[in-house]
Amino acid sequence: MAKMRAMVVPKRGAPFEAEERDIPVPGPEEMRLRVLACGVCHSDVVTVLGLLPSVKYPRVPGHEAIGVVDAIGEGVHGWSVGARAGVGWFGGSCGYCRRCRRDAAFACENVNSQTGVTRDGGYATHMIAHVSAVAHVPDDLDPVESAPLLCAGVTTFNALRNTGAGPGDIVAVHGVGGLGHLGLQYAARQGFRTVAVNRGRDKEALARSLGASDYIDSADEDPAKALTAMGGAKAILATVTDGKAMQAISGGLGPNGVMMVIGAVGPLTVDSFDLLGKRASVKGWYSGVTRDSEDTLNFSQRNKVASMNEIYPLEKAQEAYDRMMSGKARFRVVLRMDA
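Below, the structure is looked at part by part. Residue positions within a chain follow its written sequence, with the count starting from 1. Only residues with pLDDT of 70 or above have their local features reported here, since the model is predicted, and side-chain atom pairs are shown and tallied only from 80 upward, although totals for entire chains, interfaces and linings are computed over all residues. With hydrogens and water excluded, all non-hydrogen atoms of the structure serve as input to the side-chain values.

A few words now on the overall build of the protein chain. Runs of H or I in DSSP of at least four residues are treated as helices and runs of E of at least two as strands, each being numbered from the N terminus. Counting its secondary structure elements, the protein chain contains ten helices and 15 strands. Exposure classes here rest on a 1.4 Å probe applied to the protein chains alone. A residue is buried below 20% of its type maximum, exposed above 50%, and partly exposed in between. By the burial criterion, 56% of the 339 residues in the protein chain qualify as buried. Here the contacts in the protein chain between residues at least 6 apart in sequence split such that 64% fall between residues at least 24 apart. Using a 1.4 Å probe, accessible areas were evaluated by the Shrake-Rupley method; residue-level cover was limited to the displayed protein chains. Here the protein chain has roughly 14700 Å² of accessible surface; of this, 50% comes from carbon and sulfur atoms. We score Asp and Glu as negative and Lys and Arg as positive, and we do not count His or the chain ends. Where a charge sits is defined by one atom per residue type, namely NZ (Lys), CZ (Arg), CG (Asp) or CD (Glu). Both charge centroids of the protein chain, one from 37 positive and one from 36 negative side chains, sit 4 Å from each other. Contact between two residues is taken to exist if any of their heavy atoms lie within 4.5 Å; hydrogens are not considered.

Turning our attention to the packing of aromatic side chains. Any two rings among Phe, Tyr and Trp, with Trp reduced to its six-membered ring, count as a pair given centres within 6.5 Å; such a pair is stacked if its planes are under 30 degrees apart, edge-to-face if over 60, and tilted if neither. Summed over all chains, the structure comprises six aromatic pairs. Between Phe16 and Tyr321, the ring centres sit 5.6 Å apart and the planes meet at 70 degrees, which makes this aromatic pair edge-to-face. On the criterion of sequence distance, the pair formed by Phe16 in the loop between strand E1 (3–8) and strand E2 (17–22) and Tyr321 in helix H10 (residues 317–326) is long-range, its members being 305 residues apart. Side by side, Phe16 and Tyr321 carry an identical accessibility label, which is buried. These aromatic residues form a ring-pair network of at least three members: Phe16, Tyr123 and Tyr321.

Turning our attention to unusual backbone geometry. Of note, the bond from Tyr57 into Pro58 is cis; its omega dihedral lies within 30 degrees of zero at -5 degrees. Within the secondary structure, Pro58 sits in the loop between helix H1 (45–48) and strand E4 (65–72). The linkage connecting Arg330 with the following residue, Phe331, adopts the cis geometry, with an omega of 0 degrees. In this fold, Phe331 is placed in the loop between H10 and strand E15 (332–336). The backbone of Glu29 shows a phi angle near 60 degrees, a positive value even though the residue is not glycine. We note that Asp103 has phi near 65 degrees; this positive angle belongs to a residue other than glycine. Assignment of secondary structure puts Asp103 in the loop between strand E5 (84–87) and strand E6 (126–130). Overall, the relative accessible area of 56% leaves Asp103 in the exposed class.

The next point concerns the nonpolar core. Nonpolar cores are built from buried Ala, Val, Leu, Ile, Met, Phe, Trp, Tyr and Cys residues. Side-chain atoms within 4.5 Å join them into one set. Core analysis: the biggest nonpolar cluster contains 38 residues, and Val40, Trp79, Tyr123, Tyr321 and Leu335 have the highest contact counts within it. Counting residues per element, this core draws most heavily on strand E3 (residues 30–40), at five residues. If we ignore the near neighbours within four places in the chain, the residues touching Val40 are Glu64, Tyr123, Ala320, Tyr321, Met324, Val333, Val334 and Leu335. Core analysis: the next-biggest nonpolar cluster, separate from the first, contains 34 residues, Val137, Leu141, Val171 and Met260 among them.

Here, axes are lines fitted to C-alpha atoms. For helices the fit covers the stretch in contact, and angles between N-to-C directions go from 0 to 180 degrees. Contact geometry for helix H3 (residues 152–160) and helix H9 (residues 290–303): axes closest at 9 Å, N-to-C directions at 90 degrees. In terms of their interaxial angle, H3 and H9 are classed as roughly perpendicular. Contact residues: Gly153, Val154, Phe157 and Asn158 in H3; Asp292, Ser293, Asp295, Thr296 and Phe299 in H9. Residue polarity is assigned by list, with Asp, Glu, Lys and Arg as charged and Ala, Val, Leu, Ile, Met, Phe, Trp, Tyr, Cys and Pro as nonpolar; anything else, Gly included, falls into the polar class. Residues of the contact of H3 with H9, tallied by class, amount to three nonpolar, four polar and two charged. When describing relative orientation, an angle under 35 degrees is termed roughly parallel and one over 145 degrees roughly antiparallel, while 65 to 115 degrees is termed roughly perpendicular and anything else oblique.

Along E6, five of the five residues are buried, which leaves the element largely enclosed by surrounding structure. Across the two faces of E6 the burial is the same, with His126, Ile128 and His130 and Met127 and Ala129 all buried. Two strands form a pair only when DSSP identifies at least two bridges running between them. Both E3 and E6 contribute to a ladder of five bridges, which runs antiparallel. Across the sheet, the residue bridging to Glu30 is His130, located in E6.

On to the pairing of E4, then. For E4, the tally of buried residues reaches six of eight residues, placing the bulk of the element in the interior. Summarising the sheet, E3 and E4 pair through seven bridges and their orientation is antiparallel. Its bridge partner being in E4, Arg34 is matched across the sheet by Val68.

This part covers the sheet that holds strand E12 (residues 253–261). Strand order across the open sheet formed by six strands is E10-E9-E8-E11-E12-E13, with parallel pairing between neighbours. A strand with exactly one partner marks an edge of an open sheet, and here the two such strands are strand E10 (214–217) and strand E13 (281–284). Between one strand and the next, the sheet's axes are offset by a mean angle of 20 degrees, whatever the strand orientation. Note that E12 and E13 share four bridges and pair parallel. By the bridge assignment, Met260 is partnered in E13 with Lys283.

Residues of helix H6 (residues 223–230) that are buried include every one of Pro223, Ala224, Ala226 and Leu227, and no others. The arc that holds the buried residues of H6, viewed along the axis, is 165 degrees, so those residues lie on one side. Away from its buried face, by an angle of more than 90 degrees, H6 presents the exposed residues Lys225 and Ala229. If you follow the buried residues of H6, they end up packed against strand E8 (170–174), strand E9 (193–198), E10, strand E11 (233–238) and helix H7 (243–249). Polar contact is the term for a pair of N or O atoms within 3.5 Å; when the atoms are in protein, one must be able to donate a hydrogen and the other to accept it, and sequence-neighboring residues count only if both atoms are side-chain atoms. At the N-terminal end of H6, a side-chain oxygen is found 2.9 Å from the backbone nitrogen of Ala224, two or three residues along, and the residue is Asp222. One or two steps after H6, the chain reaches Gly231, where phi turns positive at roughly 120 degrees. To obtain the arc, one takes the directions from the helix axis to the C-beta atoms.

As structure tokens, then:
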């Protein structure tokens, strides 16, 4: 039987191990992808450290996978072998429960699946996915360059387009990193007055080159006061992983403004009087379902939004993961599945 290669977490907290396995056969309503590239995301720590009870070992992480449809299971329609496809964090849905029927498939009552967490993901040459989790990928998108768009990309793009902000509104992107460098591009190309907020001036030139019209150094001035002086932000895209930094900027919302929290910081304290007075809100945002991934990829292709990546071969997944966790990568890390 033909073999595949995978980088596996054998048990909670253990380093990655290279494995050779039989190539799996897709079951009903499943597809097999020959993976070309997979992003290494900070959320992979959920699998590596077993942060959810749903993680069962051994497990192959990876939820930013782009590849080619390699085999199709019974009951799959609308796909053909050889088609370009991708899989993100969203692991699929039933399509018929109350939540799915009300445009909330991400919270499906019957399927609670996350790619690379509850089922094996893209740190491998092949993977199986439920058909509802697979997104169509434009043929001319480079898989290595575009893999991070299936998590970091869809999370920022989808959050921004759900803020209620319109062209010309002030949108602040808090943090110029793996999420923020994409958020700046999406915000600028959606017509917002894009404000980059980051600690220090070392990323100012980069932020402006990505589309920021204004830059706030949060180490030098109060970001909330600076945004208020501009008229207040219609939206703040909070990508940082520092709760105190998020709290410090929330006061920069304008009337009816919303702070979209996409950086995981645990408990977060905000001033309720400030929210009440402005009719403002703080909202968590799930990355997106399959159609959101497709919208992200298509928008990125048409508007030339690109992820800045550091590339590693599959066999160096441990080195790639460590580089990502160090916070020193500029800005995403991607595994390339060379034959």
